[in-house]
Amino acid sequence: MNKNKAYPHHDQGVGTHKACVSLVPIFNHLEEEQMNEIMQAVQSVSYKKGEIIYHAGDESDSLYIVNRGQIKIYRLSESGKEQLVRILHPGDFTGELALFQESDHEAYAEAMVHTQICLIKRDELHKLLVKYPTISLKILTEFSNRLDTSEKQTTRFATERVETRIALFLAECVESEKGTMIELPMSKKNVASYLGTTPETLSRRLSEFEAEGLIKQKGQRKIEILDLDGLLLMG
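Residues numbered from 1 in each chain as written. Predicted model: local features only at pLDDT ≥ 70, side-chain atom pairs only at ≥ 80, totals over all residues. Heavy atoms only, no water.

The protein chain is annotated in an unreviewed UniProt entry as CRP/FNR family transcriptional regulator from Pseudogracilibacillus auburnensis.

Below, the structure written as structure tokens:
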């Protein structure tokens, strides 16, 4: 896969910066005066659908916060196969390793739709972390959540069958949405990539679940969970 890095469009305007700072959980607990200070360090950048925000191997020196749009973070295997790591929505961020060490990105970040990002350089953010330690605590909480998700994903790839991975993913969606009618958080193509399988295999397994009376598919993304216990017994 050979994708060229985009030349981003830099947006101007205090309103954009304020929206970004007040949206992201690592900042929105601060007082208005403190958020105003952070706004001075923020650059607003726009990317079109399909544009690469950073490549694996690029220097990691900034925190990227999604203001509008969606970003997918993925890795490429030696054969060029894409493995989805996660999808970022407004308020989510990436590039956090740059806060603690000089390093290179290990994955790719690509705009899934027209996307607006707030960017803060490492040096600027270091000053803020020293001044406002609560930001560091919020970032560490997010680190912990991501590590837990990553470990689950790695363990599943190594030890569980495809049917089990799909069933557990659907069960997590039920827990997240707190109801039996769920909407997949991403396209089926991306779900397949995230679970380490193909779209064809995902569709086939979902059809099998439906035939067994475990689920009912309602359009491209909506799925009604009819028998959660039965799903959890898969594998």
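Focus on the UniProt feature "domain: HTH crp-type" (unreviewed entry) in the protein chain
Cut-off, in case you're wondering: UniProt positions are given in the numbering used here, feature names are shortened, and annotations may be inferred rather than shown by experiment. Think of it this way: any DSSP run of H or I at least four residues long counts as a helix, any run of E at least two long counts as a strand, and we number them from the N terminus.
With numbering aligned to this structure, UniProt lists the feature "domain: HTH crp-type" (unreviewed entry) at residues 160–229. End C-alpha atoms of residues 160–229 are separated by 18 Å, and the span's content is 54% helix alongside 16% strand.

Concerning the sheet that holds strand 3 (residues 52–54)
Here is the rule: Here the rule is simple: two strands pair whenever DSSP picks up at least two bridges between them. Axis lines are fitted to C-alpha atoms, over the contacting stretch for helices. Their N-to-C directions set the angle, which ranges from 0 to 180 degrees.
Reading across from one edge, 3-10-6-7 is the order of the 4 strands in this open sheet, with antiparallel pairing throughout. Strand pairing shows two members of the sheet lacking a second neighbour, strand 3 and strand 7 (82–88), which therefore form its edges. Sheet twist, expressed as the mean angle between neighbouring strand axes with direction ignored, is 30 degrees.

Let's talk about the environment of Val85
Locating Val85 in the fold gives a position in strand 7. Along the backbone, Val85 and Cys20 are 65 residues apart, and their C-alpha atoms lie at a distance of 23 Å.

A short note on a negative patch on the surface
The criterion, for reference: Distance thresholds for patches are 9 Å for like charges and 5 Å for nonpolar side chains (Val, Leu, Ile, Met, Phe, Trp, Tyr), applied to residues having over 30% relative accessible area and no salt bridge. For accessible areas, the Shrake-Rupley method is used with a probe of radius 1.4 Å. Any residue's cover is judged against the shown protein chains and nothing else. The working definition used for a salt bridge is a side-chain nitrogen of Lys or Arg within 4 Å of a carboxyl oxygen of Asp or Glu. In summary, the charge assignment counts Lys and Arg as positive and Asp and Glu as negative, without counting His or the chain termini. In this description, the location of a charge corresponds to atom NZ of lysine, CZ of arginine, CG of aspartate or CD of glutamate.
Taken together, Glu59, Glu102, Asp104, Asp123 and Glu124 make up a surface patch of like negative charges. Locating Glu59 in the fold gives a position in strand 4 (residues 59–60).

Topic: empty space enclosed by the protein
Applicable threshold: A cavity, in this analysis, means grid points on a 1 Å lattice covering only the protein atoms where a 1.4 Å probe fits yet has no way out; a pocket is instead an open set bounded by protein on both sides within 12 Å along at least five of seven lines, and a residue lines either one if it has an atom within 4 Å of a point. Grid points are joined across faces, edges and corners, and a volume is the space filled by probe spheres set on the points. Each residue gets one label: Ala, Val, Leu, Ile, Met, Phe, Trp, Tyr, Cys and Pro are nonpolar, Asp, Glu, Lys and Arg are charged, and the others, such as Gly, are polar.
Counted by the stated rule, this structure contains 1 cavity of 30 Å³ or more. What the largest cavity holds in volume is close to 30 Å³. Lining the largest cavity are Ile166, Leu170, Leu184, Lys188, Val191, Leu202 and Leu206. Elements that contribute at least two residues to the lining of the largest cavity include exactly helix 5 (162–177), helix 6 (188–194) and helix 7 (199–211). Residue composition of the lining of the largest cavity, grouped by class: 6 nonpolar, no polar and 1 charged.

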